[in-house]
Structure formats: C-alpha cells, structure tokens
Amino acid sequence: MRETVITSTKSVVPLDDSIEGTPWAQATPLGVDQFNWYRNGPKPSLTARTLYDDEALYLHFQVEDHHISSQVTALNGPTFQDSSVELFADPNPDEDSRYFNFEANCCGYFKLAWQEEGWQERGIGRDLVSASSAERIRVETSIEGSTHEPRDDDTGWWLAAAIPFSVLRSLTGVDIDPNPGTVWSGNVYRSGVASDEQKATWNPMPTEEPAYHSPEYFGRFRFD
C-alpha cells in the first residue's frame, strides 16, 4: 500500500500552473503511474499534488495528453468519459467504507459524490453535491472554453482546484477537519484515455478490469 503526505500551508495557494516559488513546491509529487491493465502503447504521465489549510483541500494535476477531449458541461455529469482526473478519499477509513470522489474534466467541469461501498450494485447509497455548494468549489484549468476537440498540437493540460472542507462536511455529514496526523485512505486516477491500457492509478489496483470504486485498493493520505 502506498502512502503520501498532504502538506499543510499558511500561504495563499495559487490555482494556476505555478509550482516553483509557490506552496505547491512544498507538496509531495504523487505519480499516477500504475498502469494496471497495460499491454502496449504509450504510458501518459500524470503528476498530482495536494495541500491543505484550515479552510480547504487543494489539488493540482499536471497531465500529459496528446488526445485532449471534453464534452461534458453539466455538474455531476459523466466527466470520466472526457480527458479527466479523479481523486477518491475515505475520511474515516477505520470506521466505515464511505468515500467521496472528485472527478474533473480538462475544461473544469466536475462531479463530487459521497457513496457507500457497493452502491453501484444496489443502485442506492450515493449523494451528489448540490449546485449551490458546487459554486464554492474553485477550479482552474489550462484548457480554454467549455468543450475541447482533439488537435494535432495537443501535449497536455493542468488543473488546480480548491475544495472547501465546509462543502465536504455538508455533502458527507462527516466532521471533516483534518489535523496533523489525520489519515485518510484514497486513490488518484486518470480517465478519458484512448483505452483501458492507458488508464492509470496511484495505488495499485490488481483487478481484471478498471474498477475505480474499490476502496479496498485505496492507499493512505497522511496529513502533516
């Protein structure tokens, strides 16, 4: 099981492509490099970084992508079908298996959900962020416009997000206020690629097919 550190900061966190000279430089780079279903072809890179302060969880993704595609523009839509990144996290790994997932496409549209393990089979046990709460989540990306068609000069994109803990508390009903020493379980994923062979995870997922909703394969997020 992999473990990474979510670094605390007292400084203003920029939601742009700046790394050096910003709080992002203190964050632990997290390589999403487990190509669990790989046979051949390219292995596009994805590096994630995480920070937190008293108010929010901050995410930064640097994505290699030579086929950037994005069509979903609805809140809580199927953003995983587009060029996208995903963070799944269980804030109470020692108490239950409920977890939230933040899935954002390259144009900045996202889904934020809270669910129980096995909700897909039962068709129940899932809540989605409300439109009013979603307005408090900030997302910035290098891709301009609401949609994007693949182009010959596509090489990659970045995305940065700030998710207030107050939004997570409202969605989950859990007292989410991490302190130094707090441990979550979770994983980071790459979606919207040409085939399952190019899908990647941070913590290994030894399943026959991609099964991102598998908290048993989460790694550990430790807050410093």
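Residues numbered from 1 in each chain as written. Predicted model: local features only at pLDDT ≥ 70, side-chain atom pairs only at ≥ 80, totals over all residues. Heavy atoms only, no water.

Participant: Is there a simple way to think about the pairing of strand S3 (residues 46–52) in this case?
Facilitator: Walk down a regular strand and you will see the side chains alternate between the two sheet faces. Across the 7 residues of S3, 6 count as buried, placing the element largely inside the fold. Note: strand S1 (residues 3–8) against S3, 2 bridges, orientation parallel. Among the inter-strand pairings, serine 8 is bridged to a residue of S3, identified as tyrosine 52. Bridge count for strand S2 (residues 30–31) against S3 is 2 bridges, and the pairing is antiparallel. Directly across from leucine 30, in S3, lies its bridge partner alanine 48. With 7 bridges joining them, S3 and strand S4 (residues 56–64) adopt antiparallel strand pairing. Bridging from a neighbouring strand, leucine 51 pairs with tyrosine 58 of S4. Counting the residues that bridge the hairpin from S3 to S4 gives 3 residues. (Buried < 20%, exposed > 50% of the residue type's maximum accessible area, 1.4 Å probe, protein only. Helix = DSSP H or I, 4+ residues; strand = E, 2+ residues; numbered from the N terminus. Pairing = 2+ DSSP bridges.)

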